[in-house]
Protein chains: 2
Amino acid sequence: MTSLAPLSPTPRSTLTRKKNRAATDRAALYEVLDEALICHLGLVLDGSPVVLPTGYGRDGDTLYVHGSTGAQSMRAGANGIDVCVTVTLVDGIVYARSINNHSMNYRSAVVHGQARPVTDADEKMHALHVLTDHLAPGSWEHAREVNAKEFASVSVLALDLAEASVKIRAGDAVDDPEDVENGTAWAGVLPVRTVYGEPVSAGYLPGDVPVPEHVLKRS
Amino acid sequence: MTSLAPLSPTPRSTLTRKKNRAATDRAALYEVLDEALICHLGLVLDGSPVVLPTGYGRDGDTLYVHGSTGAQSMRAGANGIDVCVTVTLVDGIVYARSINNHSMNYRSAVVHGQARPVTDADEKMHALHVLTDHLAPGSWEHAREVNAKEFASVSVLALDLAEASVKIRAGDAVDDPEDVENGTAWAGVLPVRTVYGEPVSAGYLPGDVPVPEHVLKRS
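About the thresholds
Residues numbered from 1 in each chain as written. Chains lettered and ligands numbered in written order. Predicted model: local features only at pLDDT ≥ 70, side-chain atom pairs only at ≥ 80, totals over all residues. Heavy atoms only, no water. Least-squares fit on C-alpha atoms with pLDDT ≥ 70 in both. Helix = DSSP H or I, 4+ residues; strand = E, 2+ residues; numbered from the N terminus. Expected span 1.5 Å × (residues − 1). Buried < 20%, exposed > 50% of the residue type's maximum accessible area, 1.4 Å probe, protein only. Polar contact = N/O pair within 3.5 Å; in protein donor to acceptor, adjacent residues only side chain to side chain. Contact = heavy atoms within 4.5 Å. Buried area = accessible area lost by both parts, 1.4 Å probe. Salt bridge = Lys/Arg side-chain N within 4 Å of Asp/Glu carboxyl O. Nonpolar A, V, L, I, M, F, W, Y, C, P; charged D, E, K, R; others polar. Pairing = 2+ DSSP bridges.

(A) Highlighting the relation of the copies chain A and chain B. With an axial shift of 0.0 Å and an RMSD of 0.0 Å, the rotation relating chain A to chain B amounts to 180°. In symmetry terms, the pair is related by a two-fold rotation axis. In terms of C-alpha distance to the rotation axis, chain A has T194 of chain A as its closest residue, with the C-alpha 2.2 Å off the axis.

(B) Representation of helix α3 (residues 121-135) of chain A in the model. All names here are of chain A. A rise of 1.5 Å per residue sets the reference length of α3, with its 15 residues, at 21 Å; its end C-alpha atoms lie 21 Å apart and thus fit the reference within 8%. Listing the buried residues of α3 in full gives K124, A127, L128, V130, L131, T132, H134 and L135. Its side-chain oxygen at 3.2 Å from the backbone nitrogen of D122, D120 defines the N-terminal cap of α3.

(C) Structural context of unusual backbone geometry. At D46 of chain A, a position not held by glycine, the phi torsion is positive, near 50°. Its place among the elements puts D46 of chain A in the loop between β2 (38-45) and β3 (48-59).

(D) The arrangement of helix α1 (residues 26-35) of chain A in detail. The complete set of buried residues in α1 of chain A reads R26, A28, L29, Y30, V32 and L33 of chain A. Its side-chain oxygen 3.2 Å from the backbone nitrogen of A27 of chain A, D25 of chain A forms the N-cap of α1 of chain A.

(E) Looking closely at the environment of P212 of chain B. On the secondary structure map, P212 of chain B appears in the loop between β11 (200-201) and α7 (213-216). Judged by its relative accessible area of 12%, P212 of chain B is buried. Other than its neighbours up to four places away in sequence, P212 of chain B contacts W186 of chain A together with H142 of chain B.

(F) Broad picture of the interface of chain A and chain B. Tallying the contact residues gives 87 residues for chain A and 87 residues for chain B. Interface of chain A and chain B: buried area, both sides summed, is about 7,000 Å²; carbon and sulfur atoms make up 65% of it. When residues of chain A are sorted by the area they lose upon contact with chain B, I99, W186 and Y204 of chain A head the list and together hold 12% of the total. Connecting chain A to chain B are four salt bridges. Across the pair R144 of chain A and D179 of chain B runs a salt bridge whose closest N-O atoms are separated by 2.6 Å. Here chain A and chain B share 33 residue pairs in polar contact (both at pLDDT 80 or more) between them. The biggest single contributor to the side of chain A that touches chain B is strand β9 (residues 188-196) of chain A, with nine residues. For the side of chain A that touches chain B, the per-class residue count stands at 46 nonpolar, 27 polar and 14 charged. Here five bridges tie β9 of chain A to strand β10 (residues 188-196) of chain B, and the two strands are oriented antiparallel to one another. Considered in β10 of chain B, the bridge of V195 of chain A is made with R193 of chain B.

Laid out in structure tokens, this is it:
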């Protein structure tokens, strides 16, 4: 394994609560970012917070998000914009003997930074490749490539993973000693998982187009 | 069925892109909010956007979120704060014959508003009930109730569902006519679902505490 630089927390990326849930190594950050499907992109528009769900992709310490050139969020980011990208995986519902100790098992990553519009054509095409590999691994090699018109209609923002924090809650329920001793309620974890179902071929495909391996192996 | 008021979009809750994906009735909003497990709460702290994953609960047209009284987000909301709450369900990966038409099936709700701290004791206890019913239905009746110290240590914010939008992408892949005619790649939808696994009892439970029906029926 290569050596991984620790996360470099600034005040806003340093957890003020439940510090025991803070994971401070880069491997944990990469794991969360690589496993989840979508992120929630936060920005300030006309003074108000806006949070939008969107796809993303990671290449090393760069996170890419993309959208239509017409999208408000992408226009706002055209000159660089302060963003917060949050990625969350829910792993379980934690039941405790007391209401107060109910919780969730989860892994979340929060990245702060100035998003940079990707204007260099080579980097932009690379970013689309990275985004596609995240959403649909194998499609970049399998599907029809991006043409010039399509390429022009998409905007890409890049965010450096320099200022990031990871928070993880895992494992068993925790109860107060008096509830452990005298409580009667059930306590434990109900696992939560994201799964893929059976692929459904598009209605307009001829009947003899098989579901390719890169899709099949995901489900 | 009772009659549902339509959503009341303001400029910031009116979709500027892909208007065909906008669902405008309240039933769609309720469905998304009631099915998802967590929301992403966006606020502005020291001029920067911050997006935090958190639990929530809905009662009619009020959304409740809670956190420790010490949490930065809760302290910021103590006098009322502009927030954006986004809830997203991912339903599928959409593969197309072209990279450009790859997409996701999803349902998302975005709510804007001024969050109000819940200070009335009765409403606050009601909010904790609503939050518990969302996270762990049945636990409010089953587990040990919230005591005075626990009650004091939690902050609750309420958000009116007046300014909200719902966006839905569902159904088949869509390809350009030339790709439908001449393309060779596979296209279709890989469904994505969130499922519950087998409940795991806490290590400190005596062996004879059965998993209760309200947990069992979820998995």
